[in-house]
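# Residue-level structural notes
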Amino acid sequence: MVMEYTSRTGESVYLSDRYTKPLMVECHREPGEREKEMRARGEQHQEVLNSVANRRITVKEFFKPNAAGSVPQAVILQGNSGCGKTFTAQKIMLDWVSGTLFQDSFDLVLHLKCKEINEISEESSLMDLLNYSPDFTNETAEVLRDPKVKVLVLVDGFDELKFLLEDDKSPPPKDPFKKAPVQATLKALLKGHILPEYRLLLTTRSTATDKLSRLVSASQRFVDILGFNEEAVKEYFRKFFKQDAVFQGVKSNETLYTACFIPVICWVICSVLRDNIKEDASISTELETTTSIFAYFVSTLLENHSWDSSLSVSTLLSSLGKLAEKGMQEQQVLFSKEDVLRVVSDPNKVPFLRKFLVKKKVKQEEMFSFMHLSFQEFFTALHYIVDQDGEKLKRLLDSYTEEGWQSHRRPVIQFLFGLVNTELIENLDDLQLTPYISSIRSHLEEWIKKIIQHVKNNGDGPLFILNCLYELHEEDFVRKAMDEFGSLSFKYTSLTRMDCWVLCYCLLCCSTFKSLEFSHRFGLTDEILRMLQPALSKCEELR
């Protein structure tokens, strides 16, 4: 049984009912591969993941011989926050106990959680550290006295350690029962001083991988956990809802669907939908806005994952926002260490960034990125809110018409509208955004009234504005904006399922709407008409 982020006291779920195999690869990916993955959305994102399938590795293969024929003593499982590292470690424990994994390889599997080790201040032996687990028994200690016992030690969350093992100068203990400073005991375990017949499986965020690799003396295998692929996302939704309709609904929203490849945000989306979808409700009317899902995700990570707590939430969000905005201005998704250090004193303590090493001739250079371009867009929008620079915001909004409708700015503007939703701000007060909202909101209200007249008959402009209104998700404001439109024509525009939901929501906010026009040549199908049916009666004229 495992606790979920929102579990109350006594609430838990079966690990096997939640765990879905993530995609893991045995390789260091090149910057070009990473950039392509970060920019891709929807089906394209799935294609990028498929391109590394030939380097895929399963848990059963973690301790197989490498190309040289030797068995690695340590496996470093790297991944972003929320990509499934901890769940994978727990599932390994469960499968070993159940007799389906590593039965011939290990007599004993032990689980050390770095979050718990942080709480220990007194001198401790390896046995003392293991005693923090409720599963540890006297029988376990007796087994460890046998020097021939084959042990697998799972060290989960290395990046969350609050102390620096590299700085510890204490003599290493060589006995699992000998007390020493916690740093010395843990370092001795990683260096192989304590248990002779043992293997290590270590999980860490990418920001701490190189430090961990230097500490582990044994031969190593590096595994990158990428999160879910499409099949895994579909399976996860099926476990939650026992049917495919919800998955198909989310899949039609490219931004949400792409975010689902990160397991923890997949859980956020499923949890929000489960709490909001009534038994017979249409998915289209119950889907949360993209902004709210991203905001819930950020709030979840701040509450449940290690980060630099010396910073206030608003300072952290502002710092990340500066970096994100710089990237958006320069259409850049990969950042040098120097870029990151200008806004964040210790990028290793920021759960929303991932680090990787790039070979540059005779040395390696550190590079950073956000989890995906969509998160960079979200943090850029947060920056405009926290920064409170009216002139800068005006330049962003004006650029929508002045700079040739630059598509890379549109998601930022949509997130801005979503972030001024009153209910969202009240529900997520831990993001500390309330003091900043009113002035930003007035800027957005003035801008959208002006821009509607400009985009009425301008390509996909109306759909972009409708998406902004959908993200705002406040009925009175949407009704006034729709009155400004008066009529809408999609005579030369193909509509996606998500476009239909957005249009349906905006029309349902109206008491009446003057005129709506479609063309069967541009994707008007029976399905689209059925999706729009609840709102069509609002239209005085339908062509």
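The notes below deal with the structure included here.

Rules of the game
Residues numbered from 1 in each chain as written. Predicted model: local features only at pLDDT ≥ 70, side-chain atom pairs only at ≥ 80, totals over all residues. Heavy atoms only, no water. Helix = DSSP H or I, 4+ residues; strand = E, 2+ residues; numbered from the N terminus. Buried < 20%, exposed > 50% of the residue type's maximum accessible area, 1.4 Å probe, protein only. Contact = heavy atoms within 4.5 Å. Areas by Shrake-Rupley, 256 points an atom, 1.4 Å probe, with all protein chains shown as cover. Pairing = 2+ DSSP bridges. Axes fitted to C-alpha atoms, helices over the stretch in contact; angles between N-to-C directions. Expected span 1.5 Å × (residues − 1). Phe/Tyr/Trp six-rings, centres within 6.5 Å; stacked < 30°, edge-to-face > 60°. Lys NZ or Arg CZ within 6 Å of the ring centre and 35° of its normal. Salt bridge = Lys/Arg side-chain N within 4 Å of Asp/Glu carboxyl O. Core = buried A, V, L, I, M, F, W, Y, C linked by side-chain atoms within 4.5 Å.

Turning our eyes to something else, we now look at the overall build of the protein chain. Per the secondary structure count, the protein chain includes 26 helices and 12 strands. Taking all 543 residues of the protein chain together, 58% fall into the buried category. For the protein chain, long-range pairs separated by at least 24 residues make up 74% of all intrachain contacts whose partners lie at least 6 apart in sequence. Per element, the accessible surface of the protein chain, about 24,400 Å² overall, is 47% carbon and sulfur.

Glancing now at the sheet that holds strand S4 (residues 151-156). The strand order S1-S6-S2-S5-S4-S3 describes an open sheet built from 6 strands, whose pairing is mixed. Every interior strand has two partners, whereas the edge strands, strand S1 (23-25) and strand S3 (108-113), have only one. Ignoring which end each strand starts from, the neighbouring axes of this sheet average 20° apart. Relative to S4, S3 is paired through 6 bridges, and the arrangement is parallel. From the neighbouring strand, Lys 113 faces S4, where its bridge partner is Asp 156. Along the sheet face, helix H8 (residues 182-191) touches S3, S4 and strand S5 (198-205) and points at about 115° away from the line of S5.

Before going further, it helps to spend a moment on the sheet that holds strand S11 (residues 513-518). As summarised here, the arrangement of the 3 strands in space is S10-S11-S12, forming an open sheet in which the pairing is parallel. Each end of this open sheet is capped by a strand with a single partner; those strands are strand S10 (487-490) and strand S12 (539-542). Going across the sheet, the axis of each strand differs from the next one's by a mean of 15°, ignoring polarity. Taken together, the 4 bridges between S10 and S11 define a ladder with parallel strand orientation. In the sheet register, Ser 489 faces S11, and the bridge partner there is Glu 517. The sheet contacts of helix H25 (residues 497-508) involve S10, S11 and S12, and relative to S11 the element is tilted by about 160°.

Attention shifts here to helix H22 (residues 437-455). Given a rise of 1.5 Å per residue, 19 residues ought to cover 27 Å, and the 26 Å separating the end C-alpha atoms of H22 matches this to within 8%. Regarding H22, the residues found buried are Ile 437, Ile 440, Arg 441, Leu 444, Trp 447, Ile 448, Ile 451, Ile 452 and Val 455.

This paragraph deals with the packing of aromatic side chains. Tallying each qualifying case throughout the model produces 21 aromatic pairs. Pairing Phe 63 with Phe 102 gives two aromatic rings, centres 5.8 Å apart and planes at 75°, and the pair type is edge-to-face. Taken together, the residues Phe 63 in the loop between helix H3 (42-50) and strand S2 (74-79) and Phe 102 in the loop between helix H4 (85-98) and S3 connect sequence positions 39 residues apart. Across the pair, Phe 102 and Phe 63 agree in class, each one buried. In textbook terms, an aromatic cluster arises when at least three aromatic residues are bridged by ring pairs, as seen for Phe 228, Tyr 236, Phe 237, Phe 240, Phe 241, Phe 247, Tyr 257 and Phe 261. Directly above the aromatic system of Phe 240 lies the positively charged group of Arg 18, at a separation of 4.0 Å from the ring centroid. Residue placement shows Arg 410 over the ring face of Phe 464; its charged tip is 5.4 Å from the ring centre.

Per the counting criterion, the structure on display carries 19 salt bridges. In this structure, Lys 392 and Glu 325 form a salt bridge, with 3.6 Å as the shortest nitrogen-oxygen distance. Of this pair, Lys 392 sits in helix H19 (residues 390-402) while Glu 325 sits in helix H16 (residues 313-329), and the two are 67 residues apart along the sequence. Just as Lys 392 is buried, Glu 325 falls in that class too. For the salt bridge of Glu 474 with Arg 441, the shortest nitrogen-to-oxygen distance reads 2.5 Å. Of this pair, Glu 474 sits in the loop between helix H23 (461-472) and helix H24 (475-485) while Arg 441 sits in helix H22, and the two are 33 residues apart along the sequence. Neither residue differs from the other here; Glu 474 and Arg 441 are each classed as buried.

Summarising the element assignment, His 383 is placed in helix H18 (residues 373-387). Judged by its relative accessible area of 1%, His 383 is buried. Once residues lying within four places of it in the same chain are set aside, the contact partners of His 383 are Ser 318, Gly 321, Lys 322, Glu 325 and Lys 392.

Turning our eyes to something else, we now look at the environment of Pro 196. Tracing the sequence through the fold places Pro 196 in the loop between H8 and S5. Using a relative accessible area of 56% as the deciding quantity, one classes Pro 196 as exposed. Each C-alpha atom of the pair Pro 196 and Val 149 lies 8.7 Å from the other, and the pair is 47 residues apart in sequence.

Of all hydrophobic cores here, the largest spans 124 residues; its most connected members are Phe 237, Trp 447, Ile 448, Ile 465, Leu 466, Leu 469 and Met 482. In this structure Trp 447 touches Leu 397, Asp 398, Tyr 400, Ile 413, Phe 417, Phe 464 and Ile 465, once residues within four positions along its chain are discounted. Cys 114, Leu 165, Ile 194 and Tyr 198 belong to the second-largest nonpolar core, a separate cluster that totals 38 residues.

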